[in-house]
Amino acid sequence: MAYLAPSEFVTKMVDAGEAKLYMSTRDTLIRAYMAGAILALAAAFAVTITVNTGQPLVGALLFPVGFSMLYLLGFDLLTGVFTLAPLAVMDKRPGATWGAVFRNWTLVFIGNFAGALTTAVFMAIIFTMGFSEAPNVIGQKIGTIGEGRTLGYASHGFAGMLTLFVRAVMCNWMVSTGVVAAMMSTSVSGKVIAMWMPILVFFYMGFEHSIVNMYLFPSGIMLGGKFTWMDYFLWNEIPTVVGNLVGGLTFVGATLYSTHYKTAPKRTIA
């Protein structure tokens, strides 16, 4: 499980950010679509485990299997490109512009949403026997998750929005640490172990992840949750995307870049 020093894996972060800006539209969308679909399935898996065992910790312990699979397969989450793509601009790589960054972010958002929505439809069919009967106990749970994390925030007004935003910031602090962790090792086992730790933290703590929510909330609406698409976008998805951007870029990307890539001059000791 070879370990790379921070100066080595941060260089890989900048290189990865540059590569994403040059990626074709087709490849960007395909990779984002598959990432959204796999992470959504992992979320459904974790909720199923939690409902069946009554132990949220067990669901959180096993949720990272999806995150690990999608990154080992080379797919992209919005939360990851929030952190990596801007580094190429910060490093003034040739052709790296903020326009290219926003293009990448937009395409990955669309792909992630389409993939997560596909899984949401598939799982809703399973939970309702092809929409022929009421949702089973797992489907009912997904519906209540959506209610609590939209209307629950809305009922507290500004305090609810602040809490939502901070949870989203904290989420991508951990999730982007997981993205970076995959670059810390050159072996599959090393990558998986490194990714598993921060993803476990984010999921068990109930932080807000924009792509997981692209599954949970549309699925909740399909399964009878008592909230609307407007509730979802206004009181969850949009603030979560902004918080994820702030958390990933500030606490992970810019921090690692500034101290391990563009280090400050060494002190002179008298």
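Above this text is the structure in question.
Everything quoted here is computed from the prediction, not taken from an experiment. (Residues numbered from 1 in each chain as written. Predicted model: local features only at pLDDT ≥ 70, side-chain atom pairs only at ≥ 80, totals over all residues. Heavy atoms only, no water.)

1. Quick look at a nonpolar patch on the surface
Reasoning step 1: Taken together, the side chains of Phe-45, Leu-57, Val-58, Leu-61, Leu-62, Val-201, Tyr-204 and Met-205 present a nonpolar region at the surface, about 660 Å² in accessible area.
Reasoning step 2: At the level of secondary structure, the elements contributing two or more residues to the nonpolar patch comprise α3 (56-62) and α10 (188-204).
Reasoning step 3: Within the fold, Val-201 resides in helix α10.
Reasoning step 4: Note on Val-201: relative accessible area 37%, which makes it partly exposed. (Patch = residues over 30% accessible without salt bridge, like charges linked within 9 Å, V, L, I, M, F, W, Y side chains within 5 Å. Areas by Shrake-Rupley, 256 points an atom, 1.4 Å probe, with all protein chains shown as cover. Salt bridge = Lys/Arg side-chain N within 4 Å of Asp/Glu carboxyl O. Helix = DSSP H or I, 4+ residues; strand = E, 2+ residues; numbered from the N terminus. Buried < 20%, exposed > 50% of the residue type's maximum accessible area, 1.4 Å probe, protein only.)

2. Concerning the layout of surface pockets
Reasoning step 1: In this model, the largest pocket occupies a volume close to 420 Å³.
Reasoning step 2: Forming the boundary of the largest pocket are 20 residues, of which Val-47, Ile-145, Arg-149, Phe-203 and Gly-206 lie nearest the centre.
Reasoning step 3: For the lining of the largest pocket, the secondary-structure elements that each account for two or more residues are α2 (25-53), α3, α7 (137-148), α10 and α11 (210-222).
Reasoning step 4: Here the lining of the largest pocket gets 4 residues from one element, more than from any other, and that element is α2.
Reasoning step 5: Residue classes in the lining of the largest pocket are distributed as 13 nonpolar, 5 polar and 2 charged.
Reasoning step 6: Ranked by residues supplied to the lining of the second largest pocket, first place goes to helix α1 (residues 6-22) with 3 residues. (1 Å grid on protein atoms, 1.4 Å probe; cavity = no way out; pocket = protein on both sides within 12 Å on 5 of 7 lines; lining within 4 Å. Points joined across faces, edges and corners; volume = space filled by probe spheres on them. Nonpolar A, V, L, I, M, F, W, Y, C, P; charged D, E, K, R; others polar.)

3. Structural notes on the packing of α11 against helix α12 (residues 229-261)
Reasoning step 1: In contact at an axis separation of 10 Å, α11 and α12 are set at 175 degrees when each is read in the N-to-C sense. When the axis of α11 is compared with that of α12, the two are roughly antiparallel. For the pair formed by α11 and α12, the contact residues are Ser-210, Asn-213, Met-214, Phe-217, Pro-218 and Ile-221 on the first element and Trp-229, Tyr-232, Asn-236, Glu-237, Thr-240, Val-241 and Asn-244 on the second.
Reasoning step 2: Residue composition of the contact of α11 with α12, by class: 7 nonpolar, 5 polar and 1 charged. (Axes fitted to C-alpha atoms, helices over the stretch in contact; angles between N-to-C directions. Parallel < 35°, antiparallel > 145°, perpendicular 65-115°, else oblique. Contact = heavy atoms within 4.5 Å.)

4. A short note on the pattern of salt bridges
Reasoning step 1: Counted according to the given criterion, the structure contains 7 salt bridges.
Reasoning step 2: Between Asp-15 and Arg-93 there is a salt bridge whose closest N-O contact spans 3.0 Å. Here the residue Asp-15 occupies a position in helix α1, and Arg-93 occupies one in the loop between α5 (78-90) and α6 (98-127), the gap between them amounting to 78 residues.
Reasoning step 3: When its relative accessible area of 36% is taken as the criterion, Asp-15 is described as partly exposed.
Reasoning step 4: According to the relative accessible area criterion, Arg-93 is buried, its value standing at 15%.
Reasoning step 5: Arg-149 is the salt-bridge partner of Glu-208, the closest N and O atoms lying 2.9 Å from each other.

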